[in-house]
Amino acid sequence: MKIGIIGSAHVAQTVGGKLVQMGHDVVLGTRDPSKLDNKKGGGGTLRDWLGAHPSGRVATNAEAAAHGDLLINATNGDGAINALTLAGAQNLAGKVLIDISNPLDFSKGMPPTLFVKDSDSLGELIQRTFPDAKVVKTWNTMTADVMINPALVHHGDHTIFVCGNDEGAKSAVSDLLKTLGWHDILDLGDLTAARGTEMLLPIWIRLWGTLRTGNFQFKIVR
Ligand SMILES: NC(=O)c1ccc[n+]([C@@H]2O[C@H](COP(=O)([O-])OP(=O)(O)OC[C@H]3O[C@@H](n4cnc5c(N)ncnc54)[C@H](OP(=O)(O)O)[C@@H]3O)[C@@H](O)[C@H]2O)c1
């Protein structure tokens, strides 16, 4: 599948790398594709990523979005609307847009707060701004290594949430998740559920500090 990832840092590199390994045609998007040697957040350099994934490509956000039949937003919550605006509303229209971003506000240090919550969410904000995209919120409640390898934690016996307003888009995303080894894919309904999944971040961050690893997961027992 042709996949465009809006983002170039740890999550984009991790998810994009796995999708390349699985045979997908992946383009990572960034504001300045000429800066291949800058370390990207928690990720490595894009030159190293390209070396490890020769069939992957790095391009502008607009080129990545135009390339993908399926799109992934893996940008900083604060920059997501700007990154997707640079990607171009016309390049998002009619396409499934997986949103992994979280509305974390680090302006007052650690732990971050959420810059949107309770009665709204970043997923909904993205959907309102780009009404022709089919936003599906998923993957945002776990660390990047677990997104692509659920077996890393408790033999993969744990839960991933999906929500979105388009049933076909959620079904397509669930099919992709299954190819990555996900079994317990819990559909929480429309995109208002992103309020809840984004509001899991404060407890996720607390657990990360307590357990001193990101390799843990939520499991919904029922
Ligand atoms: N790290 C994890 O394991 C993890 C787990 C779950 C969810 N998430 C969420 O996934 C998202 C990505 O996380 P990350 O750790 O990979 O990296 P990050 O540092 O949160 O985000 C870096 C990306 O955001 C883009 N960006 C930042 N500010 C921007 C702006 N003003 N305008 C346009 N683009 C901007 C950067 O684009 P350029 O390439 O143009 O610089 C880069 O691609 C975040 O929302 C995070 O909360 C992360």
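Residues numbered from 1 in each chain as written. Predicted model: local features only at pLDDT ≥ 70, side-chain atom pairs only at ≥ 80, totals over all residues. Heavy atoms only, no water.

K.L.:
Would you explain the overall build of the chain in this entry?
P.N.:
Tallying secondary structure elements over the chain gives 10 helices and 10 strands in all. Scaling as 2.2 N^0.38, a compact globule of 222 residues should have a C-alpha radius of gyration of about 17 Å, and the chain matches this with 16 Å. Taking all 222 residues of the chain together, 52% fall into the buried category. Considering only intrachain contacts with a sequence separation of at least 6, the fraction spanning at least 24 residues in the chain is 71%. Carbon and sulfur atoms provide 53% of the accessible area of the chain, an area that totals close to 10100 Å². Distance between charge centres in the chain, computed from 21 positive and 22 negative side chains, equals 4 Å. (Helix = DSSP H or I, 4+ residues; strand = E, 2+ residues; numbered from the N terminus. Rg over C-alpha atoms; globule rule 2.2 N^0.38 Å. Buried < 20%, exposed > 50% of the residue type's maximum accessible area, 1.4 Å probe, protein only. Contact = heavy atoms within 4.5 Å. Areas by Shrake-Rupley, 256 points an atom, 1.4 Å probe, with all protein chains shown as cover. Lys, Arg positive; Asp, Glu negative; His and termini not counted. Charge placed at Lys NZ, Arg CZ, Asp CG, Glu CD.)

K.L.:
I keep staring at the environment of G94 and nothing clicks. Help me out?
P.N.:
By secondary structure assignment, the location of G94 is in the loop between α5 (89-92) and β5 (96-99). Once the C-alpha coordinates of G94 and G196 are considered, the two residues, 102 residues apart in sequence, prove to be 26 Å apart.

K.L.:
Help me understand the site of the ligand, please; the structure alone is not making it clear to me.
P.N.:
The ligand sits among 23 residues. The nearest are S8, V11, T30, R31 and T75. With respect to the ligand, the backbone of V11 contributes an N or O atom lying 2.8 Å from an oxygen atom. Within the backbone of R31, an N or O atom sits 2.8 Å from an oxygen atom of the ligand. Put simply, the parts of the chain that give the shell around the ligand at least two residues each are α1 (10-21), α4 (80-87) and α7 (144-148). (Near = heavy atom within 4 Å. Polar contact = N/O pair within 3.5 Å; in protein donor to acceptor, adjacent residues only side chain to side chain.)

K.L.:
Can you help me understand the pattern of salt bridges in this one?
P.N.:
Per the stated rule, a full pass over the model turns up 12 salt bridges. Notably, a salt bridge pairs E167 with K170, separated by 3.5 Å at the nearest N-O pair. One end of the pair, E167, and the other, K170, are both in helix α8 (residues 167-179), 3 residues apart, so they sit about a helical turn from each other. Given the relative accessible area of 54%, E167 is considered exposed. Three or more residues joined by partner-sharing salt bridges are found here, namely D99, K137 and E198. (Salt bridge = Lys/Arg side-chain N within 4 Å of Asp/Glu carboxyl O.)

K.L.:
When you look at the pairing of strand β10 (residues 184-187) in this model, what are you seeing that I'm missing?
P.N.:
It is a general feature of regular strands that their side chains alternate between the two faces of the sheet. Relative to β10, strand β9 (residues 159-164) runs parallel, the two sharing 4 bridges. Looking across to β10, one finds that T159 is bridged to D184. Once the chain exits β9 it traverses α8 before rejoining the sheet at β10, and the crossover so formed is right-handed. (Pairing = 2+ DSSP bridges. Right-handed = clockwise from strand over helix to strand, strands pointing away.)

K.L.:
Please explain unusual backbone geometry as it appears in this structure.
P.N.:
Backbone geometry follows two general trends: most residues other than glycine have a negative phi, and most peptide bonds adopt the trans configuration. Across the junction of M110 and P111, the peptide omega takes the value -10 degrees, indicating a cis bond. Here P111 lies in the loop between β6 (104-105) and β7 (113-114). With a phi angle near 70 degrees, W139 is a residue other than glycine that sits in the positive phi range. For W139, a relative accessible area of 0% corresponds to the buried category. Phi at H155 takes a positive value of approximately 55 degrees, unusual for a residue other than glycine. By secondary structure assignment, the location of H155 is in the loop between α7 and β9. Residue class for H155 comes out exposed when judged on its relative accessible area of 73%.

K.L.:
I would appreciate a short explanation of the packing of α4 against helix α6 (residues 122-129) in the present structure.
P.N.:
The angle between the axes and the distance between the axes are what describe a pair of packed helices. The N-to-C vectors of α4 and α6 enclose an angle of 30 degrees; their axes lie 11 Å apart at closest approach. One way to sum up the angle between α4 and α6 is to call them roughly parallel. The hand of the α4/α6 crossing is right-handed. Residue-level contacts link A80, I81 and L84 of α4 to L125, I126 and T129 of α6. (Axes fitted to C-alpha atoms, helices over the stretch in contact; angles between N-to-C directions. Parallel < 35°, antiparallel > 145°, perpendicular 65-115°, else oblique. Left-handed = near helix turned anticlockwise from the far one by under 90°.)

K.L.:
How should I be thinking about a nonpolar patch on the surface in this particular structure?
P.N.:
The grouping of F106, M110 and W208 at the surface amounts to a nonpolar patch, some 350 Å² of accessible area in total. The residue W208 is located in helix α10 (residues 201-211) in this model. You can call W208 partly exposed: its relative accessible area is 42%. (Patch = residues over 30% accessible without salt bridge, like charges linked within 9 Å, V, L, I, M, F, W, Y side chains within 5 Å.)

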